[in-house]
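Residues per chain, in single letters:
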Amino acid sequence: MQKYLFILKSSPFFAGMTDAEILSVLHCVDAKISEKQTGDYIFRVGESTVVMGMVLSGSVLIIQEDLWGHRNIMAKIQAGEFFGESYAATPGSVLNISVTANETSAIMLLNISRLMTLCPTACEHHARLIRNLVAVLSGKLLRFNDKITHMSKRSTREKLLSYLSSESIRQGRLEFHIPFDRQQLADYLCVERSAMSVELSRLQKAGVLTTNRNYFVLHEAPEENSTI
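Residues numbered from 1 in each chain as written. Predicted model: local features only at pLDDT ≥ 70, side-chain atom pairs only at ≥ 80, totals over all residues. Heavy atoms only, no water.

Asker: Before we go on, may I ask you to explain the environment of Val-94 in this structure?
Answerer: Within the secondary structure, Val-94 is located in the loop between α3 (85-88) and β7 (98-101). Taking the C-alpha atoms as reference points, Val-94 and Asp-187, 93 residues apart in sequence, are found 23 Å from one another. Residue contacts for Val-94: discarding those within four places in its chain leaves Gly-46, Glu-47, Ser-48 and Tyr-87. (Helix = DSSP H or I, 4+ residues; strand = E, 2+ residues; numbered from the N terminus. Contact = heavy atoms within 4.5 Å.)

Spelled out as structure tokens, the structure:
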């Protein structure tokens, strides 16, 4: 666990805790680390879980898949972020999402049932961890609301502009990278990749944005003599 302390300390889940307190809590929640390769499943739809996961290195995708193989990316979870908290905190709930490794990743699983039961010593850092978990869940809810906002737009263009505007505001600049490649972005917005590529090309020609792979520059006003 020692080798990942720098990641743990950067996570809001362990905010305000010393190294010793973090290591103590990890023992309390029976933390275990596993290595996953690209495409490996960590959680599968239809399962139940009492553990939540934290990405220590690499990244994972939260996805929904139907019987015909259509994929909807709900979120991309990076190093230092958590997944599966809501399901682990609700005993008996059935996963309606799957979690897969987006690349070679180190994953830490924590038994949340131990977290939800105060330890016998009623230690302060245990109580702080519960407060931090509430903050993490609140942040996830806000990001889910953002996705609903993007999805509520009628056209592919409107969904793209809604998402890119949101990312620009979140990152506080007009030039930024997004966490998705083109196929993942299409899956996240629930649009066809080909249609999305056409819209991105049109938006570039109109001077609304410039893009190269997952790098975007938004222009505050379209270039002169261009139309959207």
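Next, the rest of the story.
Asker: Would you mind going over the nonpolar core with me for this structure?
Answerer: Soluble globular proteins: nonpolar side chains tend toward being buried together. Leu-8, Phe-13, Phe-14, Met-54 and Leu-110 are the most contacted members of the largest nonpolar core, which has 25 residues in total. Of all elements in the fold, only α1 (5-10), α2 (19-28), β3 (51-57), β8 (105-111), α4 (112-115) and α5 (124-151) reach the threshold of two or more residues within this core. Not counting the four nearest positions on each side in its chain, Phe-13 is found in contact with Met-52, Phe-82, Leu-110, Leu-115, Leu-129, Asn-132, Leu-133 and Val-136. Listed in part, the 22 residues of the second largest apolar core include Leu-61, Phe-176, Leu-203 and Ala-206. (Core = buried A, V, L, I, M, F, W, Y, C linked by side-chain atoms within 4.5 Å. Buried < 20%, exposed > 50% of the residue type's maximum accessible area, 1.4 Å probe, protein only.)

Asker: Just to check I follow, could you spell out helix α8 (residues 193-205) for this structure?
Answerer: Since the α-helix turns once every 3.6 residues, residues separated by three or four places project in the same direction. Taking 1.5 Å of rise per residue, the 13 residues of α8 would be expected to cover 18 Å, and the 18 Å separating its terminal C-alpha atoms lies within 8% of that figure. Of the residues making up α8, those classed as buried are Met-196, Glu-199, Leu-200 and Leu-203. Down the axis of α8, the buried set is contained in an arc of 100°. They therefore lie on one face. Exposed positions of α8 whose direction lies more than 90 degrees from the buried face are Ser-194 and Lys-205. Packing partners of the buried residues in α8 comprise α6 (156-171), α7 (182-189), β10 (209-212) and β11 (215-218). Downstream of α8 by a residue or two, Gly-207 has a phi angle that is positive, lying close to 80°. (Expected span 1.5 Å × (residues − 1). Arc of directions from axis to C-beta.)

Asker: What is the right way to look at the layout of surface pockets in this model?
Answerer: Empty space left among the atoms is revealed by rolling a probe the size of a water molecule over them. The calculated volume of the largest pocket comes to roughly 1,000 Å³. Taken together, 32 residues line the largest pocket, and the ones lying closest to its centre are Met-74, Ala-75, Ile-77, Lys-140 and Arg-143. Taken together, the elements giving at least two residues each to the lining of the largest pocket come down to β4 (59-65), β5 (71-78), α3, α5 and α6. With nine residues, α5 is the largest single contributor of residues to the lining of the largest pocket. Taken together, the residues of the lining of the largest pocket break down into 16 nonpolar, seven polar and nine charged. Each pocket or cavity is described by its volume, and for the second largest pocket that value is around 190 Å³. Lining the second largest pocket are Ser-10, Ser-11, Pro-12, Ala-79, Gly-80, Glu-81, Phe-82, Ala-135, Val-136, Gly-139, Lys-140 and Arg-143. No other element matches the five residues that α5 contributes to the lining of the second largest pocket. Residue composition of the lining of the second largest pocket, grouped by class: five nonpolar, four polar and three charged. (1 Å grid on protein atoms, 1.4 Å probe; cavity = no way out; pocket = protein on both sides within 12 Å on 5 of 7 lines; lining within 4 Å. Points joined across faces, edges and corners; volume = space filled by probe spheres on them. Nonpolar A, V, L, I, M, F, W, Y, C, P; charged D, E, K, R; others polar.)

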